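The chain contents come next:
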Amino acid sequence: MIMPETQAPWPARDGLRITGVRTIVTAPGGVPLVVVRVDTSEPGLYGLGCATFTQRFHAVVAAIEQHVAPMVIGRHPADIEDIWRMLHYSSYWRGGPVHNNALSGIDQALWDIAGKRFGVPVYELLGGRVRTAAAVYTGARGGEVEETIERAAALAEQGYRYVRLQFGGPGIGTYGGTGTPGGYPGSPHPDGWDVGQYLRDTPRFFERARSVLGDELGLLHDAHNRLTPKEAVGLARSLEPYRLFFLEDPLAPEHFDRLPEVRAAAPMPIASGELVSSVTDAARLITSGGIDYLRLHVSTVGGLTPVRKLAALCELTGVRTAWHGPPDVSPVGAAVNVTLDVTSPAFGIQEAHVYPETVHEVFPGTLRTVNGYLTPSDRPGWGIDLDERAALRHPPRTHLHERWAAQVRRPDGGIEAP
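Within each chain, residue numbers correspond to sequence positions counted from 1 in written order. Restriction of local features to residues with pLDDT of at least 70 applies here, the model being predicted, together with a cutoff of 80 or more for giving and counting side-chain atom pairs; totals for whole chains, interfaces and linings are based on all residues. The side-chain values count all of the structure's non-hydrogen atoms but skip hydrogen atoms and water molecules.

**Brief notes about the side chain of Asp249**
When you line up the elements, Asp249 lands in the loop between β7 (246–248) and α8 (259–265). In the analysis that follows, any N or O atom pair within 3.5 Å is treated as a polar contact, provided that within protein one partner can donate a hydrogen and the other can accept it, and provided that, for residues neighboring in sequence, both atoms belong to side chains. Here Gly273 takes part through its backbone nitrogen, which lies 3.3 Å from a polar atom of the side chain of Asp249. With near-sequence residues (within four places) excluded, Asp249 lies in contact with Asp222, Ala223, His224, Asn225, Arg226, Ala271, Ser272, Gly273 and Glu274. Per the convention used, a helix needs a DSSP run of H or I reaching at least four residues, while a strand needs a run of E reaching at least two, with both numbered from the N terminus. Here a residue-residue contact requires only that any non-hydrogen atoms of the pair lie within 4.5 Å.

**As for the sheet that holds strand β1 (residues 18–26)**
Overall, antiparallel pairing links the 3 strands, which are arranged β1-β2-β3 in an open sheet. A single partner strand is all that each edge strand has here, and the edge strands are β1 and β3 (46–50). For this sheet, the mean angle separating the axes of adjacent strands, direction not counted, is 20°. Here the rule is simple: two strands pair whenever DSSP picks up at least two bridges between them. Judged from the 8 bridges that link them, β1 and strand β2 (residues 33–40) form a sheet pairing that is antiparallel. Lines fitted to C-alpha atoms define the axes, with helix axes restricted to the stretch in contact, and inter-axis angles between N-to-C directions lie between 0 and 180 degrees.

**Points about the state of the cysteines**
In this description, a disulfide is simply a cysteine sulfur pair whose atoms lie within 2.5 Å. Summed over the entire model, instances satisfying the criterion amount to 0 disulfides. Take Cys50: it sits in no disulfide, and the sulfur closest to it among the cysteines is that of Cys314, at 20 Å.

**Quick notes on the pairing of strand β6 (residues 218–222)**
Among the 5 residues of β6, 5 are classified as buried, and the element is accordingly described as predominantly covered. Side-chain alternation along β6 places Gly218, Leu220 and Asp222 on one buried face and Leu219 and His221 on a second face that is also buried. Here is how to tell: hold the view so the strands point away, follow the path from the first strand over the helix to the second, and if it runs clockwise the crossover is right-handed. Handedness of the β-α-β unit built from strand β5 (residues 162–167), helix α6 (residues 195–213) and β6 comes out right-handed. Here β6 runs beside β7; their pairing, made up of 3 bridges, is parallel. Within the sheet, the bridge partner assigned to Leu220 lies in β7 and is Phe246. A crossover connection joins β6 to the parallel β7 through helix α7 (residues 229–238); in handedness this β-α-β unit is right-handed. With a 1.4 Å probe rolled over the protein chains alone, any residue whose accessible area is under 20% of its type maximum counts as buried; one over 50% counts as exposed, and the rest are partly exposed.

**A word on the packing of aromatic side chains**
Centres within 6.5 Å make a pair out of two Phe, Tyr or Trp rings, where for Trp the six-membered ring is used; the pair is then stacked when the planes are under 30 degrees apart, edge-to-face when over 60, and tilted otherwise. Counting across every chain of the model gives 9 aromatic pairs. Judged by centre distance (5.5 Å) and plane angle (45°), the ring pair of Trp193 and Tyr198 falls under tilted. Think of it as a cone above the ring: NZ of Lys or CZ of Arg counts as a charge over the ring if it is within 6 Å of the ring centre and within 35 degrees of the ring normal. Of note, Arg37 hangs over the ring of Tyr46, and the distance from its end group to the ring centre comes to 3.7 Å.

**Focus: helix α3 (residues 97–118)**
Between the first and last residue of a helix there are one fewer steps than residues, each counted as 1.5 Å, and that sum is the expected span. For α3, which comprises 22 residues, the first-to-last C-alpha distance of 31 Å matches the rise-based estimate of 32 Å (1.5 Å per residue) to within 8%. The buried fraction of α3 amounts to 17 of the 22 residues, a majority that puts the element mostly inside the structure. Positive phi appears at Gly119, one or two residues downstream of α3, with a value of about 70°.

**A word on the packing of α6 against α7**
Between α6 and α7, the least distance of the axes is 9 Å, while the angle of their chain directions is 15°. If you check the angle between α6 and α7, you find them roughly parallel. Every pair of crossing elements has a handedness; the one defined by α6 and α7 is right-handed. Across the interface between the two elements, Val195, Tyr198, Leu199, Thr202 and Pro203 of α6 pack against Glu231, Leu235 and Ser238 of α7. These descriptions rest on fixed angle ranges, namely under 35 degrees for roughly parallel, over 145 for roughly antiparallel, 65 to 115 for roughly perpendicular, and the rest for oblique. For any pair of crossing helices, the crossing counts as left-handed if the nearer helix is rotated counterclockwise from the farther one by less than a right angle, and right-handed if it is rotated clockwise.

**Brief notes about the side chain of Gln350**
Residue placement: Gln350 occurs in strand β11 (residues 350–351). Residue class for Gln350 comes out buried when judged on its relative accessible area of 1%. Residues within four places of Gln350 in sequence aside, it is in contact with Ala134, Ala135, Val136, Tyr137, Trp323, His324, Gly325, Asn337 and Asp341.

**Section: unusual backbone geometry**
Notably, Arg243 is not glycine yet its phi reads approximately 50°, a positive angle. Its identity as a non-glycine residue notwithstanding, Asn371 has a phi of 55°, on the positive side. For Asn371, the location among the structural elements is in the loop between α12 (357–362) and β12 (373–374).

Written out as structure tokens, the structure reads:
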């Protein structure tokens, strides 16, 4: 017998039900954030979840409202594991960032509801904390070397003990810093990005950074998935004197099978996984022997339910976690990250973004970094709310990152991975 979509495969224990699912898309910080609200039959009991896939937010909204929401209306909100698995398999071709972000929005909202039902923060539902707070890093970036170093020094004065350094260079395709238009005059694409220039400039940049910033500050760098295995090894070895905390994303996902050889040759830890959009691929990355830190965008693999299992796998294999936390993670998603951080022995470090005050107005309870640490809220659930009237004052638009990514080319005009 085929059961209705809203009927659980076991008898209901009480009358609590999911009665509504809707998306709120807002851009108070200039980046489109997708948040899912799940309402229940108990007045005032609702949950929020992050479903932010900035570059394809319209597709995520459609997936939630047209496909996912009808399948969970009528279900008991406590059946989180079963609902996640049902939605995961429901599309037949499972996985991918659109479907997984839709799944994440529902999943995280259900965990928020669970915490609110019991009057406890979600971390208590996961076995409680194993640390008080999460040490974080944030980024210092600039068009010029000295500009980046000055910003890093300012962050150190604010209490940050770890800073990721990114600098500009010739052309507009540089990652994390402002590039110089027309950087390659006479070439077919003068605004291009040249890997040889990058490999020459980066060790010089870190030599200068260490001489100014000293030995105590932990320095990180993101290659943003642009290098071949040989280029990655060369870069890692050239940076050995500057003692990086980790080198992030040296290879594209298509070449993750080569990460073990890069890690074996690199003198610093390797972090990767930001572009993974499959739980299975993430698990293989952990067990491959190719990474020291798992850099994962939590909503892109489906939310808290699958990622807490990946954190357990990290613990068992000696890999550390370093969840993705840029501006295109909503404050709800940031709270999920910190919940994972304080409940997992595998925690390594947390990327943190300093949200502008407009984001705090839209999302009351948004966490703030204090002296280089993020501490989870002690309020029930995630401890984050959403002011929908305030959200309406910040309508989203197609994110500029899409257009920038499409324009990253080499000086010869060939397209380059952003």
